[in-house]
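Working through the structure, step by step
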Amino acid sequence: MNALDWIVLLGTIIGIAAYGTWRTRHTDNLNTYLKGNHSTKWGTIGLSVMATQASTITYLSLPGQAYENGIAFIQNYFGLPLALILVCAVFLPIYRKLGVYTAYEYLGQRFDTKTRLLGAGLFLLQRGIQAGVTIYAPAIILSTAFGWRLDLTIIFTGLVAIVYTVTGGSAAVNLTQKWQMAVIWAGMLTAFVILLLKLPANATHIAGAMGKLHAVDFTPDPQLRYTFWSGLLGGFFLSLSYFGTDQSQVQRYIGGAALREGRLGLMFNALFKIPMQFFIVMLGALLFVFYQFQPDTPLVFNQSAWQRQVQGPAGAEFRALEEQHAVLHAAKQEKIRAWVAAQSGGDITAEAAARTELAAAQKASDTLRKQARDTLYAAAPEAKKTRDSDYVFITFILTQLPHGVVGLLVAVMFASALSSKAGELNALGTTSTIDLWRAFRPLAAHDEARNVRNAKWFTAFWGLFAVGFALYVSFAENLIEALNIIASVFYPPLLGVFLVAFFFKKVGGTAVFWAALATQLLLLGLFFYGKDTVAYLWLNPIGCAACIGFALLFQALSPARPPATT
Amino acid sequence: MTKKENNDDSPGVPGFRTWRGVYLFVFGCFLLVVLALTLFARLYA
């Protein structure tokens, strides 16, 4: 990065944060601090919902995942539009009608205090952990790629988010997310256009021939991680939990000028989320094609860790692997050209034979890459904290984009980290204030200034907690999946409780409370002892159904049946 | 909330008189997207 990149990066990130802080510095009304401005329109709400959901992991890791495994991950989002329709039709009108600040406040009104505390507790537990992951994920990749200090990168990102979120609350989060999304889209589109200009004319056909464009798989196998069915059913329940019961999302659409604004903001996401994710995974698939034709395609994309080994005492072993890679890479290029020639010649038999040879060349290349990664991890175990594919897009940014655009793309990574982080901190602070502090101090509910002050303290606390968690906890799994896996283990009981609240009026608080706890134990058991037989997305429908089933059973066994209040 | 909100208020979107119409439109778009992705995968696989 040169001076121009730094100007673009710091100007964009600090400029947006400073603008948000300055514009909302006088926010001292509780409603505005927790729900945002009354005049917020659907466009701002829609962008805010999108910005909260899409963290840096979406923009940094997802292209790498598509580079490695193709675009099948897109199926993960198939349940999202349907879930958003249900949230619009059922969840949102009830939240607005009751005028609640948090989703868990509703549980208190519908059931009892212990169920409200359970809901808030489950949210704080899993979102608190995720807040640490979302701050750690970009920091580890960017610090490795740029040679920055990991701790300083985490602290910088965390502090910037804390400053404007504490100052302006939800109003600041909405305002900054709008501009951060503008930076993200500008940067991603620029990178995409530059990539397209560098690709051969038949790049999409090559990606397809090399197995990267299997977008939809209708195989009904529960062990397969991404299929149409797991995406539709598992994704539906995961999205319903996230958008309907997770305060970080509920807070984004619960405010606004009218019910209509929240609904249209959610419908905006229902329409554009899948196309947006398709654009990101296609970026990864096309990066794969791009690197097939580069003479210096790295064997391992985490070049920082790799080069340290090449120049270290065991360098000969690593250089030997690089030499094998150069031979295989050149041979694969020949196979690709042969396939392109056969395909354009129209000879089906020759095309099939060339495709088989190409697949064999790709398999040999994949095997060598795996061997290289294993060798690297054995020599430098700290490199295992991230997947090598996480470095694919950042390598492209650093080596192929002009100065200025590099700064813009790094700004994209920070903007996405800040936007999701701010939404999370805002929700964690709000839930701590409304569902914990106020639940135990009901007499303080009318002291608005004290409520705002406490919300600010809680927001700052969770920000520092996330920074501390990111500084001291190591993550070994793939980061984007880690987020979804945590959500799939902790969300289903919460969603089950809300579905019982909405649709099973005869079930009372005690039955649903114990049902949620029993479901949580079941899911933890399934996750730790049954993960080889059930892909994690299926935990969502299983957990949700189990919670409803347990609640109905416990209610039937219960001697007292309290009538529903809402 | 200063005024009571009606769950069945008009969405105020040109071409749609009810929220049910908006939901059906979004659902229809979703089906089209899945169809397009399936055809895309078949075309290039």
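Below is a short write-up of the structure. (Residues numbered from 1 in each chain as written. Chains lettered and ligands numbered in written order. Predicted model: local features only at pLDDT ≥ 70, side-chain atom pairs only at ≥ 80, totals over all residues. Heavy atoms only, no water.)

1. Observations regarding the interface of chain B and chain A
Spelled out, the test is: Here, two residues are considered to be in contact whenever any of their heavy atoms come within 4.5 Å of each other. Buried area, as used here, totals the accessible surface that two parts lose on assembly, with accessibility defined by a 1.4 Å probe and the loss added over both. Each salt bridge in this description consists of a side-chain nitrogen of Lys or Arg and a carboxyl oxygen of Asp or Glu lying within 4 Å of one another. Any N or O atom pair separated by 3.5 Å or less is treated as a polar contact, with the protein-specific requirement of one donor-capable and one acceptor-capable atom, and with residues adjacent in sequence counted only for side-chain atom pairs. Under the convention adopted here, Pro, Cys and the residues Ala, Val, Leu, Ile, Met, Phe, Trp and Tyr are nonpolar, Asp, Glu, Lys and Arg are charged, and Gly plus all remaining residues are polar.
The interface is formed by 23 residues belonging to chain B together with 35 residues belonging to chain A. Of the roughly 2,500 Å² buried between chain B and chain A on both sides combined, carbon and sulfur atoms contribute 76%. Area buried by chain B at its contact with chain A is led by Tyr23(B), Phe30(B) and Tyr44(B), which between them contribute 25% of it. For the interface between chain B and chain A, the tally reads zero salt bridges. Linking chain B with chain A are three residue pairs in polar contact (both at pLDDT 80 or more). Considered class by class, the residues forming the side of chain B that touches chain A number 18 nonpolar, four polar and one charged.

2. Digging into the packing of helix 10 (residues 228–245) of chain A against helix 21 (residues 539–557) of chain A
Residues and elements named next belong to chain A. Operational definition: Fitted lines through C-alpha atoms give the axes, limited to the stretch in contact for helices. The angle between two N-to-C directions lies from 0 to 180 degrees. A run of H or I in DSSP counts as a helix once it spans at least four residues, and a run of E counts as a strand once it spans at least two, with each numbered from the N terminus. Each angle is binned into one of four classes, with values under 35 degrees roughly parallel, values over 145 roughly antiparallel, values of 65 to 115 roughly perpendicular, and all other values oblique.
The N-to-C vectors of helix 10 and helix 21 enclose an angle of 60°; their axes lie 7 Å apart at closest approach. Considering their axes alone, helix 10 and helix 21 lie oblique with respect to each other. Mapping the contact onto sequence places Leu233, Gly234, Phe237 and Leu238 in helix 10 and Asn540, Pro541 and Cys544 in helix 21.

3. What to know about empty space enclosed by the protein
Stated formally: The rule is simple: put a 1 Å grid over the protein atoms alone, call a set of points where a 1.4 Å probe fits but cannot get out a cavity, call an open set with protein on both sides within 12 Å along at least five of seven lines a pocket, and count a residue as lining if it has an atom within 4 Å of a point. Grid points are joined across faces, edges and corners, and a volume is the space filled by probe spheres set on the points.
Applying the stated rule across the entire model yields two cavities of 30 Å³ or more. Lining of the second largest cavity is provided by Pro81(A), Ala270(A), Leu271(A), Ile274(A), Pro275(A), Val26(B), Cys29(B), Phe30(B) and Val33(B). Its residues assigned to classes, the lining of the second largest cavity comprises nine nonpolar, no polar and no charged.

4. Some details on the packing of aromatic side chains
The following threshold applies: Aromatic pairs are defined between Phe, Tyr and Trp rings, using the six-membered ring for Trp, whenever the two ring centres lie within 6.5 Å; interplanar angles under 30 degrees are classed as stacked, those over 60 as edge-to-face, and all others as tilted. Ring-over charges, as used throughout, are those where CZ of Arg or NZ of Lys falls within 6 Å of the ring centre and within 35 degrees of the ring normal.
Enumeration according to the criterion identifies 46 aromatic pairs over all chains in this entry. Both rings, one in Phe527(A) and one in Phe528(A), keep their centres 5.1 Å apart while their planes meet at 70°; by these two values the pair is edge-to-face. For the pair Phe27(B) and Phe30(B), a centre-to-centre distance of 6.4 Å together with 40° between the ring planes defines the contact as tilted. Placement of the pair is Phe27(B) and Phe30(B) together in helix 1 (residues 19–44), with a separation of three residues, close to one helical turn. Linked through ring pairs, Phe91(A), Tyr95(A), Tyr104(A), Tyr106(A), Phe123(A), Phe498(A), Phe502(A) and Phe503(A) together constitute an aromatic cluster. Positioned over the ring face of Phe513(A) is Lys114(A), at 5.7 Å from the centre of the ring.

5. Structural notes on the side chain of Asn454(A)
All names here are of chain A. Note the threshold: Note on exposure labels: buried denotes an accessible area under 20% of the residue type's maximum, exposed denotes more than 50%, and partly exposed covers the range between, all computed with a 1.4 Å probe on protein chains only.
As for its placement among the helices and strands, Asn454 is situated in helix 18 (residues 448–472). By relative accessible area, which is 18% here, Asn454 ends up buried. Those residues in contact with Asn454 that sit more than four places away from it in its chain are Thr433 and Trp437.

6. Thoughts on the pattern of salt bridges
All names here are of chain A. Under the criterion given, the structure shown has 14 salt bridges over all chains. With a shortest N-O distance of 2.8 Å, Glu424 and Arg127 are connected by a salt bridge. Of this pair, Glu424 sits in helix 17 (residues 405–440) while Arg127 sits in helix 7 (residues 113–146), and the two are 297 residues apart along the sequence. Taken individually, Glu424 and Arg127 each receive the classification buried, so the pair is uniform in this respect. When the shortest N-O distance is used, the salt bridge between Arg260 and Glu261 registers 3.0 Å. Judged by relative accessible area, Arg260 falls into the partly exposed class, the value being 27%. Exposure remark for Glu261: the relative accessible area of 5% places this residue in the buried category. Taken together, the shared-partner salt bridges connect Glu68, Arg369, Arg373 and Asp388 into one network.

Remember that the coordinates give geometry; whether it matters functionally is a separate question.
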